[in-house]
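# Overview (structure and organization)
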Amino acid sequence: MQAERARRRPWQPRIEARPAPSPAWRWLSPLVAALLTVAGVAAVFLALGKDPLEGLSVFFLNPLRDGYAIAELLLKATPLALIAAGLAVGFRANVWNIGAEGQFVVGAIAATGLALAAHDSGAAWLLPAMFVAGALGGAAWAAIPALLKTRFNASEILVSLMLVYVAQLGASWLVHGPWQDPAGFNFPQTVMFEEAALLPLLLEGTRLNLAFPVAIGALIAAWVFMQRSFAGFQMQVAGQAEAAARYAGFPVARAVWIGMLAGGAAAGLAGMAEVAGPMGQLTEHVSNQYGFAAIIVAFVGRLHPAGIGLASLLMALLYIGGEQAQQYLNLPSSISKVFQGMLLFFLLGADVFVQYRLRLRAPRLAG
Amino acid sequence: MENGLLAAILFATVVAGTPLVVAALGELVAERAGVLNLGVEGMMAVGAVAGFAAAHTWGSAPAGVGAGLLAGAGMSAIFAFLALTLTANQVAAGLALSIFGVGLSAFVGKAWESESLAAVPATRIPLLADLPLLGPALFSHQWLVYVSWLLIAAVAWFLSRSRAGLVLRAVGESPASAHAIGHPVLRIRWLATLFGGAMAGVAGAFLSVFHTPLWAEGMVAGKGWIALALVVFATWRPLRAAFGAYLFGGVMVAQLFLQGSGLQIEIPSQFLSALPYLATVIVLVAISRNRQKIRLNSPVSLGQPWRPDA
């Protein structure tokens, strides 16, 4: 049958396994995916009957037009890089924490709780304590799927995801109920935080704040852990060959715990940075889907901290592009989610060339 | 409890369980062929939008179901191309599909956000509908509910009694052996995946065309993920999946009845709304803790890429 098909279509392209994964393609494929996404953005605008050049400039140039815009881009990239750095630790060990969205919300709730409890105190310890509360809140939320995975073998994917909805409903209850701003005209939100509970700005005239260097620190910490520590090495082995890891006596359950807690703490920190940063209060829609977008960032960044830094900038570009598309092109801002998903599709597709190569096969002799 | 209320609760339970059972059966077939598609939530969301748009445009509920089916299948084709043809990581490709689908449905659905549809009338099954309690509870539904019952029977029969079902299960257990005896593994996995997507799309259309005839962003609200959990709960068996789906339907209905009962209970609505998600976690734990059972029942090659020449 093979030969039959070859006769009919002599130069049919085939994909063949490479003898070894191609290191070049490992780096090329995110780049290819990014370029294909740009092409995809243009194609979508064309299909929508909009000028593709205008669409491209709204998505990829507008967010870079001046210093303030670039500061906004870095502000947007901060939670994405922070969460993705934590998630990558787990993903490398095949620990699939998909609930960063919920851990983000719980981190935001924990930090808000402190800010509200100490309101008007002006205490200097408040902000550092909120950092700790955010990280602990996110880690505690991630500890639930970790515990249920290690003790009861329950899928961490589904458990962490279910807890996203629970966390969102919890935040909704708080801002509609006990934590609602009494002077807020019944809006579902808390009071604005006092000065001592807000992250200091880095640059006057922008909204870029202290969370940005924190995210960079998290990327460096993730790099040190993954590339330089024995525990990080063990986790990678656990991810690539669980049986081998078991045989070598590497604790697989510990990989689950470290992976989940790293992701949870990072997401919780990002949640804290959102309420103590650009928002200045807790609302129902605090997360803006950063937890899900960070999954894409982690993959597009090749689960490597440097790659994650770059990928978070690209994703932030798509986020802001969506807001700009709403403003200038009268399109729903959810268009950015479409492009974000597209980016991951293209990456997964381009990744085929890491393991395989395309061959235009000459016709085989009939036989 | 008075009969009328009990019948109403049972009726609502069946309605709430229907999208779950349809989506779960589709995913179950895909998983039995060894394909783990985590994109159910996204496929349902796109199916819901497509179904609503078609039903609204042509004023026809069947057109909505057809559009949901095609949209779900189309979405799953993206997954199948990446995960089966290009052997991408199935977990990553499925997640991508969910993120993409939820985003796409929000984007496309914006145009339909303020529209609504005429409700699809119930079809009373003659004679049976006149039974006390069971009549109003089971036999006075919209027609897609009855179709879902046929689907349960068909999938159960297909997997356990038909030759094609046997081949599909063989592909899920051992693709290499199935390939060796001449079965087209990739094609079978593609078809199973398309079927899973089509069913997720129909489940989405049930939500937006039959259950609440409108489209709202976020209306799928995790039902796709619950359907995935149901497959584990069911240990990959169709009848157990149906049982689980109605059990969950019951939990969803219980929280709605509690919210609307005016029983003067001081429980915030958000706590009640969280019940189905918490129930999913509890059920997953209860079923997964028996590792032996999971290992014996889950398709051996689940989630593993396979290529004929690899």
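Everything here concerns the structure above.
The following refers to the structure shown. Keep in mind that what you see is a predicted model, and the values were worked out from it rather than measured. (Residues numbered from 1 in each chain as written. Chains lettered and ligands numbered in written order. Predicted model: local features only at pLDDT ≥ 70, side-chain atom pairs only at ≥ 80, totals over all residues. Heavy atoms only, no water.)

### Some points on the overall build of chain A
The condition is simple: Think of it this way: any DSSP run of H or I at least four residues long counts as a helix, any run of E at least two long counts as a strand, and we number them from the N terminus. Within these notes, the globule rule equals 2.2 Å times the number of residues to the 0.38 power, and the radius of gyration is based on C-alpha atoms. For every residue, the accessible area obtained with a 1.4 Å probe (protein chains only) is divided by the maximum for its type, and the residue is called buried under 20%, exposed over 50%, and partly exposed between those limits. Contacts between residues were defined by any pair of non-hydrogen atoms, one from each residue, lying within 4.5 Å. What sets the accessible areas is the Shrake-Rupley method with a 1.4 Å probe; for residues, cover comes only from the shown protein chains. Charge assignment: positive for Lys and Arg, negative for Asp and Glu; neither His nor the chain ends contribute. To locate a charge, take NZ of a lysine, CZ of an arginine, CG of an aspartate or CD of a glutamate.
Helices and strands together make up the secondary structure of chain A, namely 15 helices and two strands. Here the C-alpha radius of gyration of chain A, 23 Å, is about what a compact globule of 367 residues would show, namely 21 Å. Overall, the C-alpha framework of chain A stretches about 85 × 60 × 35 Å when taken along its three principal axes. For chain A, the residues scored as buried account for 55% of the 367 residues in total. Taking as baseline every contact in chain A between residues at least 6 positions apart, the subset at least 24 positions apart corresponds to 77%. Surface exposure of chain A reaches about 15,700 Å², of which carbon and sulfur atoms provide 65%. In chain A, the 23 positive side-chain charges and the 18 negative ones have mean positions that sit 24 Å from each other.

### A short note on helix α2 (residues 23-47) of chain A
Residues and elements named next belong to chain A. The condition that has to hold: A helix is expected to reach a length of 1.5 Å times the quantity of its residues less one. Bend is computed residue by residue as the angle between axes fitted to the seven residues ending at the residue and the seven residues starting at it.
Given a rise of 1.5 Å per residue, 25 residues ought to cover 36 Å, and the 36 Å separating the end C-alpha atoms of α2 matches this to within 8%. Of all the bends found along α2, the most pronounced is centred on Ser 29 and spans about 30°, while Pro 30, a proline, follows it within four residues. Every buried residue of α2 is listed here: Ser 29, Pro 30, Ala 33, Ala 34, Thr 37, Gly 40, Val 41, Ala 42 and Phe 45. Packed against the buried residues of α2 are α3 (52-61), α12 (290-300), α13 (305-329) and α14 (335-350).

### Topic: the interface of chain B and chain A
How big an interface is tends to be reported as the loss of accessible area on association of its parts. Going by this rule: Accessible surface is computed with a 1.4 Å probe, and the buried area is the amount of it that two parts give up when combined, taken over both parts together. Salt-bridge detection follows one rule: a side-chain nitrogen of Lys or Arg within 4 Å of a carboxyl oxygen of Asp or Glu. Polar contact is the term for a pair of N or O atoms within 3.5 Å; when the atoms are in protein, one must be able to donate a hydrogen and the other to accept it, and sequence-neighboring residues count only if both atoms are side-chain atoms.
Contact residues are listed per partner, giving 45 residues for chain B and 41 residues for chain A. Both sides together, the interface formed by chain B and chain A hides about 3,800 Å², and carbon and sulfur atoms give 81% of it. Of all residues in chain B, Ile 99, Phe 107 and Gln 270 of chain B bury the most surface against chain A, accounting for 18% of the area lost on that side. Inspection of the chain B/chain A interface yields zero salt bridges. Run the count over chain B and chain A and you get five residue pairs in polar contact (both at pLDDT 80 or more). Looking at the side of chain B that touches chain A, the elements with two or more residues in it are α3 (61-85), α4 (90-109), α10 (223-233), α12 (269-273) and α13 (275-288) of chain B. Per-element tally for the side of chain B that touches chain A: the top contributor is α4 of chain B, with twelve residues.

### Quick word on the side chain of Gln 270 of chain B
Along the chain, Gln 270 of chain B turns up in helix α12. Within the structure, the side chain of Gln 270 of chain B is placed 3.1 Å from the side chain of Ser 172 of chain A, a separation counted as a polar contact. Not counting chain neighbours up to four residues away, the residues in contact with Gln 270 of chain B comprise Leu 169, Ser 172, Trp 173 and His 176 of chain A.

### Brief notes about the pattern of salt bridges
All names here are of chain A. Enumeration over the complete set of coordinates arrives at six salt bridges over all chains. In this structure, Lys 149 and Glu 156 form a salt bridge, with 3.3 Å as the shortest nitrogen-oxygen distance. Exposure remark for Lys 149: the relative accessible area of 25% places this residue in the partly exposed category. Relative accessible area serves as the criterion here: at 6%, Glu 156 is assigned to the buried category. For the salt bridge of Arg 302 with Asp 351, the shortest nitrogen-to-oxygen distance reads 2.5 Å. Taken as a pair, Arg 302 in the loop between α12 and α13 and Asp 351 in the loop between α14 and α15 (352-355) lie far apart in primary sequence, 49 residues in all. Comparing Arg 302 with Asp 351, the two get one shared label, buried.

### So, a nonpolar patch on the surface
Applied cut-off: Patch construction takes residues with relative accessible area above 30% that form no salt bridge. Like charges are linked within 9 Å, and nonpolar side chains (Val, Leu, Ile, Met, Phe, Trp, Tyr) are linked within 5 Å.
Residues Ile 216, Ile 220, Trp 223 and Val 224 of chain A make up a contiguous nonpolar surface patch of roughly 330 Å² in combined accessible area. Within the secondary structure layout, Ile 220 of chain A lies in helix α8 (residues 211-228).

### Quick notes on helix α11 (residues 238-260) of chain B
Residues and elements named next belong to chain B. Spanning 23 residues, α11 covers 33 Å between terminal C-alpha atoms, matching the ideal 33 Å at 1.5 Å per step. Among all positions of α11, only Pro 238, Ala 241, Ala 242, Gly 244, Ala 245, Tyr 246, Phe 248, Gly 249, Met 252, Val 253 and Gln 255 are buried. Contacts made by the buried residues of α11 are with α1 (3-32), α6 (143-161), α10, α12 and α13.

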